[in-house]
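Close look at the chain arrangement
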Amino acid sequence: MATSMLIKKFQAASEQEALQLAKQELGKDVIITHIKSIKPKGIYRLFKKPVVEVTAAVDRDETYEREPLRPAYPETMPQSLLDIRLPKETEHSSAIEQKLDSLQTMLEKQLKEQTAAPAPAEKEEKEPEEMTKTMACVRMIYNQMIDNEVEEVYANKVIAEIEHSLKPDTSVDNILSGIYQKLVLKLGQTKPLEFEEGNTKFVFFIGPTGVGKTTTIAKLASTLKINRKAKVAMFTADTYRIAAVDQLRSYANILNIPLRVIYSEEELKEAVEDFSSYDIVLVDTAGRSHKNKEQRDDMECLLHAVPEEKREIFLVLSVTTKYRDLIKITEAYSEITNYNLIFTKLDETGAIGNIFNVRMLTEAPLSYTTFGQNVPDDIAQINPQSIAKQLLGGGK
């Protein structure tokens, strides 16, 4: 069934109130694409207080669409893609903005060159010149996504869902903004690691060997204890590699948190009881081959040693892995459990299309990215707006 994108803006006295209005009208699956504070201008600034404006978007089946997208498109889209700012401006986000600016300039230049070029031979059914320019712009943006290693099937899907809302006179700004909004919607809401006091959560980190699970655990353990004041413990079931146990023990000593080595699912069941006073227990696991069914079965038994309501699972993947291998890896782990996604080694590549590809393939929530070996730094919650901008303007 075809889908279309509904985008609306909501204003309220606070960010929380504006978010609540968006969820009430558009539903719990709404994606927040932009938040800004609006200050009254002129003489009104003396009498009115600033308000918070939230731009929210949601995918809707066309069968149930209440408002047609086309009339709303020019009004609800930002004047420029560059008007869609990240919550906090950083040196990295500024670089992305510059690349987007360059992309927009390049698109406009190429379209002018195409307009000035000699007209092609007459066809029986000639497309309107403006629509030809619009579609040429769309093709250029499509190529930008492909350059960032977005798989063709997913790039085509994004373009197909936005094409019907384009008009012959749609500007480059609005084409860019429309595709950006669609990318943000498909990336979805990020799901970070959360915990509740008095309800111990056991968090497993699974994935292939060499993707950085142990270092990622150390980064999260540090953040949870120092920044969020959580009572944290660590388990390691990676008894195949002595170096991995020693590495995690070193981190545990530095952070002054307990570490237990787990050799079997029976030991894990006992440890669940022993550590019931902790807020969160981070569990390192051995890297497993997705091709080895026996190893996958062992992993499934280990995970199920903890009751479902007490466990959460993160599949850790390297963004540098070939997509065809990521397909096999994610399918193998999907056979035994649901999971959230963490992507490592962003510092080792200039193209991040695999983040989008795996999200589209698995529909699993995105959580974190890592971009270096420094503990507790070099880790961040995934920002869908930033990823979408990089897919359009960043990359190699």
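Predicted model only: the values in this text are computed from it and were never measured.

Bringing the overall build of the protein chain into the picture now. Looking only at helices and strands, one finds 13 helices and 11 strands in the protein chain. Each of the 396 residues in the protein chain was classed as buried or not, and the buried ones make up 50%. Within the protein chain, contacts between residues at least 6 apart in sequence are counted, and of these 77% link residues at least 24 apart. Accessible area for the protein chain stands at about 20400 Å²; split by element, carbon and sulfur atoms hold 48% of it.

Counted by the stated rule, this structure contains six aromatic pairs. When the centroid spacing of 5.4 Å and the interplanar angle of 40° are considered together, the rings of F275 and Y278 count as tilted. The same class applies to F275 and to Y278, which are both buried. An aromatic cluster is defined as three or more aromatic residues linked by ring pairs; in this entry it consists of F202, F235, F275 and Y278. In this arrangement the basic side chain of K231 is found over the ring face of Y278, its NZ or CZ atom lying 4.6 Å from the centre.

Compared with the 21 Å implied by 1.5 Å per residue over 15 residues, the 21 Å span of helix α7 (residues 213-227) between its first and last C-alpha is a close match. In terms of residue burial, α7 counts as a mostly covered element, since 11 of its 15 residues are buried.

Attention now moves to the confidence of the model for the protein chain. Low-pLDDT portions of the prediction should not be read for the details of their coordinates. When pLDDT is averaged along the protein chain, the result is 79; 75% of the residues meet or exceed 70. Least confident of the elements in the protein chain is helix α2 (residues 69-76), whose mean pLDDT is 30; most confident is strand β9 (residues 340-344), at 97. Predicted confidence is poor over residues 42-47, with pLDDT under 50, and the contacts of this stretch with residues over four places away or in other chains come to one contact. Predicted confidence is poor over residues 62-91, with pLDDT under 50, and the contacts of this stretch with residues over four places away or in other chains come to 69 contacts.

Throughout the structure, instances matching the rule amount to seven salt bridges. For E161, the salt bridge goes to K157, with nearest N and O atoms at 3.3 Å. With a gap of four residues between them, E161 and K157 both fall in helix α5 (residues 152-163), about one helical turn apart. Between K186 and E161 there is a salt bridge, and its shortest N-O distance comes to 3.1 Å. Taken together, the positions of K186 in helix α6 (residues 172-187) and E161 in helix α5 put the pair 25 residues apart, joining distant regions of the chain. For K186, a relative accessible area of 11% gives the class buried. Since its relative accessible area comes to 11%, E161 is described here as buried. Counted as one network, the salt bridges with shared partners bring together K157, E161, K182 and K186.

With respect to the helices and strands, the residue N148 is situated in the loop between α4 (129-147) and α5. A distance of 3.1 Å separates a polar side-chain atom of N148 from the backbone oxygen of L391.

A few words on the nonpolar core. Ranked by size, the top nonpolar core spans 69 residues in total, and within it I179, L183, F204, F235, L341, F343 and F356 carry the most contacts. No other element matches α6, which puts nine residues into this core. If we skip the residues at most four places from it in the chain, L341 touches L315, L317, V358, R359, T362, A364, P365, L366, S367 and Y368. The next biggest cluster of nonpolar side chains, apart from the first, holds 24 residues, and it includes M234, A252, I257 and Y368.

Quick look at the environment of L185 now. With respect to the helices and strands, the residue L185 is situated in helix α6. By relative accessible area, which is 9% here, L185 ends up buried. Sequence separation of L185 and P384 is 199 residues, and the distance between their C-alpha atoms is 8.3 Å.

With that settled, consider the pairing of strand β10 (residues 366-370). Side-chain positions along a regular strand alternate between the two faces of the sheet. Burial analysis of β10 places five of its five residues in the buried class, the great majority of the element. Considered for its hand, the β-α-β crossover made up of β9, helix α12 (residues 353-362) and β10 is right-handed. In this sheet, strand β11 (residues 379-381) lies alongside β10 in antiparallel orientation, the contact comprising three bridges. When the sheet's bridge partners are listed, Y368 is paired in β11 with Q381.

Parameters at a glance
- Residues numbered from 1 in each chain as written.
- Predicted model: local features only at pLDDT ≥ 70, side-chain atom pairs only at ≥ 80, totals over all residues.
- Heavy atoms only, no water.
- Helix = DSSP H or I, 4+ residues; strand = E, 2+ residues; numbered from the N terminus.
- Buried < 20%, exposed > 50% of the residue type's maximum accessible area, 1.4 Å probe, protein only.
- Contact = heavy atoms within 4.5 Å.
- Areas by Shrake-Rupley, 256 points an atom, 1.4 Å probe, with all protein chains shown as cover.
- Phe/Tyr/Trp six-rings, centres within 6.5 Å; stacked < 30°, edge-to-face > 60°.
- Lys NZ or Arg CZ within 6 Å of the ring centre and 35° of its normal.
- Expected span 1.5 Å × (residues − 1).
- pLDDT = per-residue confidence, 0-100.
- Salt bridge = Lys/Arg side-chain N within 4 Å of Asp/Glu carboxyl O.
- Polar contact = N/O pair within 3.5 Å; in protein donor to acceptor, adjacent residues only side chain to side chain.
- Core = buried A, V, L, I, M, F, W, Y, C linked by side-chain atoms within 4.5 Å.
- Right-handed = clockwise from strand over helix to strand, strands pointing away.
- Pairing = 2+ DSSP bridges.

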